[in-house]
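Read off the chains here:
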Amino acid sequence: MEVFFYGLFMDKDILTKNGINPSNPRKGYLDNYTLKIGNRASLVQCKNEKAYGIIMEVNDEEIIKLYAEKSVSDYIPEKVEIVTESNERLIATCYNLPLELLTRTNELYAKSLYELAKKLNFPKEYLDKISKNIPGEGA
């Protein structure tokens with residue numbers, strides 16, 4: 001199945017350590033969504049925004065097992081239309097944390113996500129959005 005990752009699970013090494021063997025990674029974005037960072041990350045519908053991430057093919061059973069883990073078990077799968085770097089539109093599953101469960105802040109998570117997004121060469125404006133969640137970094 002195609003899964004759109006937008007948080008630290010964009011890192012193939014993290015997925016591998018969690019028993020996932022992803023293939024065919026591609027960069028893309030989700031139109032009319034914005035990234036929100038609390039203790040973890042989630043995407044929220046927001047007109048005229050873009051949320052960047054990585055689309056990967058993963059085994060159904062592996063992804064179900066991954067999201068059964070306590071720290072991410074509140075995430076809910078939803079079908080979304082992703083636009084890839086090559087301007088291809090495809091349907092993928094995206095796991096989102098309901099907004100009411102997006103609590104606190106996690107500076108370490110935000111820093112790690114910023115470094116990963118930078119490594120993935122996401123647009124500067126997106127990096128700036130992430131850096132606003134890091135005290136002393138963002139505007």
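A brief structural summary. The structure displayed is predicted, hence computed values, not measured ones.

### Observations regarding the environment of glutamate 115
- Structurally, glutamate 115 can be placed in helix H3 (residues 107–119).
- The spatial distance from the C-alpha of glutamate 115 to the C-alpha of cysteine 46 is 24 Å, given a sequence separation of 69 residues.

### Some details on the nonpolar core
- Phe4, Phe5, Leu35, Leu43 and Tyr67 are the most contacted members of the largest nonpolar core, which has 48 residues in total.
- At the level of elements, strand S1 (2–5), strand S2 (23–37), strand S3 (41–57), helix H2 (60–66), strand S4 (76–84), strand S5 (89–96), H3 and helix H4 (124–131) are the ones that each hand at least two residues to this core.
- Of the residues forming this core, the biggest block, seven residues, is contributed by S3.

### Considering H3
- The end-to-end C-alpha distance of H3, which contains 13 residues, comes to 18 Å, matching closely the 18 Å that a straight helix rising 1.5 Å per residue would cover.
- By the burial criterion, the buried members of H3 are Tyr109, Ala110, Leu113, Tyr114, Leu116 and Ala117.
- One side-chain oxygen at the N-terminal end of H3 lies 3.3 Å from the backbone nitrogen of leucine 108; it belongs to asparagine 106.
- In the stretch just after H3, asparagine 121 is the one whose phi turns positive, near 60 degrees.

### Here we look at the sheet that holds S2
- Here we have five strands rolled up into a closed barrel, ordered S1-S3-S2-S4-S5, and mixed in their pairing. Recorded for the sheet is a direction-independent mean angle of 50 degrees between the axes of neighbouring strands.
- The pairing of S2 with S3 spans twelve bridges and is classified as antiparallel. In the sheet register, arginine 26 faces S3, and the bridge partner there is isoleucine 55.

### Quick word on the pairing of S5
- Across the eight residues of S5, six count as buried, placing the element largely inside the fold.
- Pairing analysis gives two bridges linking S1 to S5, with the strands arranged parallel. Among the inter-strand pairings, phenylalanine 4 is bridged to a residue of S5, identified as cysteine 94.
- In terms of strand pairing, S4 meets S5 through eight bridges, oriented antiparallel. Note that in S5 the partner of proline 77 across the bridge is tyrosine 95.
- The antiparallel hairpin formed by S4 and S5 contains four residues in its connecting segment, where asparagine 87 sits at a positive phi of about 70 degrees.

Cut-offs and rules
Residues numbered from 1 in each chain as written. Predicted model: local features only at pLDDT ≥ 70, side-chain atom pairs only at ≥ 80, totals over all residues. Heavy atoms only, no water. Helix = DSSP H or I, 4+ residues; strand = E, 2+ residues; numbered from the N terminus. Core = buried A, V, L, I, M, F, W, Y, C linked by side-chain atoms within 4.5 Å. Buried < 20%, exposed > 50% of the residue type's maximum accessible area, 1.4 Å probe, protein only. Expected span 1.5 Å × (residues − 1). Polar contact = N/O pair within 3.5 Å; in protein donor to acceptor, adjacent residues only side chain to side chain. Pairing = 2+ DSSP bridges. Axes fitted to C-alpha atoms, helices over the stretch in contact; angles between N-to-C directions.

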